[in-house]
Amino acid sequence: MPDWVFEFHGHRCPALVLGYLAGKYALKLLGIERERDSGTYVFSETGDEHHQECFDDGVQAATGCTYGKGLYKRLYYGKLAIILYRPGKGAVRVAIKSEFLNELGKFEFFRYRRSGIPASQVPREVVDEVINFVLSKDPEEVFKYEFLKDFNYRPAIRKAMSRIPCDSCGELVFENYIKIFNGKKLCPRCYETELRGESRGSL
């Protein structure tokens, strides 16, 4: 588990490690490498509560399918599971086994978290105890997987866009975000400001 992943995430925790391992395992199952550009996609079955966000950061670090590149989408199922998809290679779903999660929940780390203590403030030896437990397991002990034969996803075609200056603030904005107001080409922020000003003036 690379140290940079912990540094990127901000703290050490088992969910981050599980996400990283799930991502690596999914890549191995599909026989592909970490995404450098934009040819692979992850559909995460997580939500946005505790542990699930940490899991997502781990998956992104492992796969290179990041939110910033538009390759990572949450399905909000409340599960620690992902679908990794690459056109021409297919899709695989990787999920943490329920029995493993139940076993994991017995560690002292989760007692600290349930009491409201942030993960960054849990004693290092307590955190490392559960992380080392996770890292000691073979993927087959932690995860179950399924190849999804009928899975298909067509991403929107990305356009090369030029930038033009906003007639109000002067900042450059990608042209497809420009809004026209009283003949002026405005960025969304200035457009909202102008719109609010006109509304006040009409009262």
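The coordinates are above.
Residues numbered from 1 in each chain as written. Predicted model: local features only at pLDDT ≥ 70, side-chain atom pairs only at ≥ 80, totals over all residues. Heavy atoms only, no water.

Caption draft 1: Here's a closer look at the packing of helix 2 (residues 14–30) against helix 6 (residues 124–135). Close contact between helix 2 and helix 6 brings their axes to 9 Å; oriented N to C, the two are set at 20°. The orientation of helix 2 relative to helix 6 falls into the category roughly parallel. At the point where helix 2 passes helix 6, the crossing takes the right-handed sense. Residues Pro-14, Val-17, Leu-18 and Leu-21 of helix 2 lie in contact with helix 6, whose contacting residues are Val-130, Ile-131, Val-134 and Leu-135. (Axes fitted to C-alpha atoms, helices over the stretch in contact; angles between N-to-C directions. Helix = DSSP H or I, 4+ residues; strand = E, 2+ residues; numbered from the N terminus. Parallel < 35°, antiparallel > 145°, perpendicular 65-115°, else oblique. Left-handed = near helix turned anticlockwise from the far one by under 90°. Contact = heavy atoms within 4.5 Å.)

Caption draft 2: Fine view of the sheet that holds strand 2 (residues 72–74). Strand order in the open sheet made by the five strands is 2-1-3-4-5, with mixed pairing throughout. Looking at which strands have only one partner, the edges of the open sheet turn out to be strand 2 and strand 5 (143–147). On average, each strand axis in the sheet is inclined to that of its neighbour by 20°, with strand direction left out of account. The pairing of strand 3 (residues 81–86) with strand 4 (residues 90–96) spans six bridges and is antiparallel. Its bridge partner being in strand 4, Ile-82 is matched across the sheet by Val-94. Lying over the sheet, helix 2 contacts strand 3, strand 4 and strand 5, oriented at roughly 145° with respect to strand 4. Against the sheet, helix 3 (residues 52–63) makes contact with strand 1 (41–44), strand 2, strand 3 and strand 4, and its axis sits at roughly 160° relative to strand 2, the strand it touches most. (Pairing = 2+ DSSP bridges.)

The analysis is restricted to geometry; functional conclusions fall outside its scope.
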